[in-house]
Amino acid sequence: MKLQKLLFLCHALYLVHTGRPLVRGSFEAWQYGPVHREVYDAFKSFRAEPITEEAQRFNPVTGMRQPIALPTDRALLDVVQKVVQFYGGRSPGELVDITHAKDGPWDHVVSAAKTNANMALKISDEVIAQRYKYLWFGKQPNSKDKEPNEDAPLVA
């Protein structure tokens, strides 16, 4: 769960500062916050245990998995370092509270879904950039050390 929340915060900060997305695809508003389904599927076998394998890319032409090259983009590396330094020590529950901040991207998509259709509750890059343009990742967390379970999408 921590991977998902830290990835979302990295993506949001990188998007706001560079105008470019950090990851391809989109995040979805699940019960415990934003989830990138491809990343979730790639690492769900680890559950709450430490991730012990590096990320790989699937090549649909060869049907093989390949290592992903380490990034060299200085802006990307700076964002990841800042997010990990600031948020990396927080519990999964605290990160859920941060990504659930009122008027943040997750909250906006979940609230809008009550009156508008949104397949899979996708959180667009436009919503992320708009919601985080002036609001820096929401309010301070309220949860302590709770360990939420992220195995199911939000049921609206």
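This text follows the structure it describes.
Residues numbered from 1 in each chain as written. Predicted model: local features only at pLDDT ≥ 70, side-chain atom pairs only at ≥ 80, totals over all residues. Heavy atoms only, no water.

## Looking at the packing of helix α1 (residues 2–18) against helix α6 (residues 125–132)
Consideration 1: Axis separation between α1 and α6 bottoms out at 9 Å; the angle between their running directions is 75°. Taken together, the axes of α1 and α6 are roughly perpendicular relative to one another. Residues Phe8, Leu9, His11, Ala12, Leu15 and Val16 of α1 pack against Asp125, Ile128, Ala129 and Tyr132 of α6.
Consideration 2: Of the residues in the contact of α1 with α6, the class split is eight nonpolar, one polar and one charged. (Axes fitted to C-alpha atoms, helices over the stretch in contact; angles between N-to-C directions. Helix = DSSP H or I, 4+ residues; strand = E, 2+ residues; numbered from the N terminus. Parallel < 35°, antiparallel > 145°, perpendicular 65-115°, else oblique. Contact = heavy atoms within 4.5 Å. Nonpolar A, V, L, I, M, F, W, Y, C, P; charged D, E, K, R; others polar.)

## Examining helix α5 (residues 105–112)
Consideration 1: Listed in full, the buried residues belonging to α5 are Pro105, Trp106, Asp107, Val109 and Val110.
Consideration 2: Against the buried residues of α5 lie α1, β1 (27–30), β2 (33–36), α4 (92–99), β5 (122–123) and α6. (Buried < 20%, exposed > 50% of the residue type's maximum accessible area, 1.4 Å probe, protein only.)

## Observations regarding α6
Since the α-helix packs 3.6 residues into each turn, any two residues three or four apart lie on the same face.
Consideration 1: Residues of α6 that are buried: Val127, Ile128 and Tyr132. For α6, the angular spread of the buried residues around the axis is 105°, confining them to a single face. Away from the buried face of α6 by more than 90 degrees, exposed residues Glu126 and Gln130 are located.
Consideration 2: The inward-facing, buried residues of α6 abut α1, α4, α5 and β5. (Arc of directions from axis to C-beta.)

## Structural notes on the packing of aromatic side chains
Consideration 1: The final tally for this structure, using the stated rule, is five aromatic pairs.
Consideration 2: Joined through ring pairs, the aromatic side chains of Phe8, Phe27 and Tyr132 make up one cluster. (Phe/Tyr/Trp six-rings, centres within 6.5 Å; stacked < 30°, edge-to-face > 60°.)

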